[in-house]
Amino acid sequence: PAPLPRIAGAVSAALPPAFVALRDGDRVGLFAFDSRPRASSQPISGPPAFPMLQRVAAGIDYSTHETNYTLAMATLAESLARRSLIVVFTEFPDTIGAELMMSAIGTLLKRHLVLFVVFRDEELESFTSAEPVEPEDISRAVMAAGLLRERRLVLARLRHMGVQVIEATPDEAGPALVNAYLDLKRRDAL
């Protein structure tokens, strides 16, 4: 079967930890954006509110618009009245976008906990590990290795800033996020 689009993987991975947080008495909201905010819910509480989160999540769709982290993070920060755990599902296709993202996230870190969920790029990983057959395979592997190196640098910089990072496949992301949330609760970090 073909892999799910990354946006579907993100939505699927976000819902189980949202349910666990609602069950544990925390308030949960969803916020999706690209060039501007596209979908959001006010923070809600209690397991009976979960279907409302599902409806908001169902409205999140793939977009070709360039991501505007500055607008999104400013809008989100403005809407949060108390210290919050902000979970960001994202990709950073280039270093310029990553720089803008890190700048926008920096302001949130002053008051909130930020956790990034980034899906592993299994396609790039396969290019670097494949046995070359054609000359193009070598150049593809070199380019893929460079992109993966840039990605590792961005993730390292995010961690250095104080952002928690989960790098996982779409199938692993939901359980990893639930575990990260429960660990933060256990350590009284929320």
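The structure reproduced in this document is the subject of the present report. Just so it is clear, the structure is predicted and the values come from calculations on it, not from any experiment. (Residues numbered from 1 in each chain as written. Predicted model: local features only at pLDDT ≥ 70, side-chain atom pairs only at ≥ 80, totals over all residues. Heavy atoms only, no water.)

### Topic: the overall build of the chain
Helix and strand counts for the chain come out as 7 helices and 7 strands. Moving toward the C terminus, one meets the helices and strands of the chain in the order α-β-β-β-β-α-α-β-α-β-α-α-β-α. Radius of gyration (C-alpha) of the chain: 17 Å, near the 16 Å computed for a compact globule of 190 residues. If you line up the chain on its principal axes, its C-alpha atoms span 55 × 35 × 35 Å. For the chain, the proportion of its 190 residues judged to be buried stands at 37%. (Helix = DSSP H or I, 4+ residues; strand = E, 2+ residues; numbered from the N terminus. Rg over C-alpha atoms; globule rule 2.2 N^0.38 Å. Buried < 20%, exposed > 50% of the residue type's maximum accessible area, 1.4 Å probe, protein only.)

### So, helix 1 (residues 6-23)
Taking 1.5 Å per residue as the helical rise, helix 1 with its 18 residues ought to reach 26 Å, and the 27 Å between its terminal C-alpha atoms agrees with that figure. Those residues of helix 1 that sit buried are G9, A10, V11, A13, A14, L15, P17, A18, V20, A21 and L22. Packed against the buried residues of helix 1 are strand 1 (27-28), strand 4 (44-45), helix 2 (50-58), strand 5 (85-89), strand 6 (113-119) and helix 7 (170-186). Two residues or fewer after helix 1 comes G25, characterised by a positive phi angle close to 95°. (Expected span 1.5 Å × (residues − 1). Contact = heavy atoms within 4.5 Å.)

### Let's talk about unusual backbone geometry
Even without being a glycine, D188 presents a positive backbone phi close to 55°. Considering the arrangement of structural elements, one finds D188 in the segment after helix 7. The class of D188 is exposed, set by a relative accessible area of 66%.

### Considering the pattern of salt bridges
Under the definition given, this model contains 11 salt bridges. Across the pair R151 and E91 runs a salt bridge whose closest N-O atoms are separated by 3.6 Å. Taken together, the positions of R151 in helix 6 (residues 135-161) and E91 in the loop between strand 5 and helix 4 (95-108) put the pair 60 residues apart, joining distant regions of the chain. A residue is classified by how much of its surface remains accessible, and R151, at 10% relative accessible area, is buried. Residue classification places E91 among the partly exposed positions, given a relative accessible area of 28%. For R157, the salt bridge is made with E99, and the minimal N-O distance between the two is 2.4 Å. Highlighted residues: R157 in helix 6 and E99 in helix 4, separated in sequence by 58 residues. The class for R157 is partly exposed, based on a relative accessible area of 41%. (Salt bridge = Lys/Arg side-chain N within 4 Å of Asp/Glu carboxyl O.)

### Some details on the packing of helix 1 against helix 2
Relative to each other, helix 1 and helix 2 sit at 160°, their axes nearing to 10 Å. When the axis of helix 1 is compared with that of helix 2, the two are roughly antiparallel. Handedness of the crossing formed by helix 1 with helix 2: right-handed. Residues V11, L15, A18, F19 and L22 of helix 1 pack against F50, L53, Q54 and A57 of helix 2. Across the contact of helix 1 with helix 2, the residue classes break down as 8 nonpolar, 1 polar and no charged. (Axes fitted to C-alpha atoms, helices over the stretch in contact; angles between N-to-C directions. Parallel < 35°, antiparallel > 145°, perpendicular 65-115°, else oblique. Left-handed = near helix turned anticlockwise from the far one by under 90°. Nonpolar A, V, L, I, M, F, W, Y, C, P; charged D, E, K, R; others polar.)

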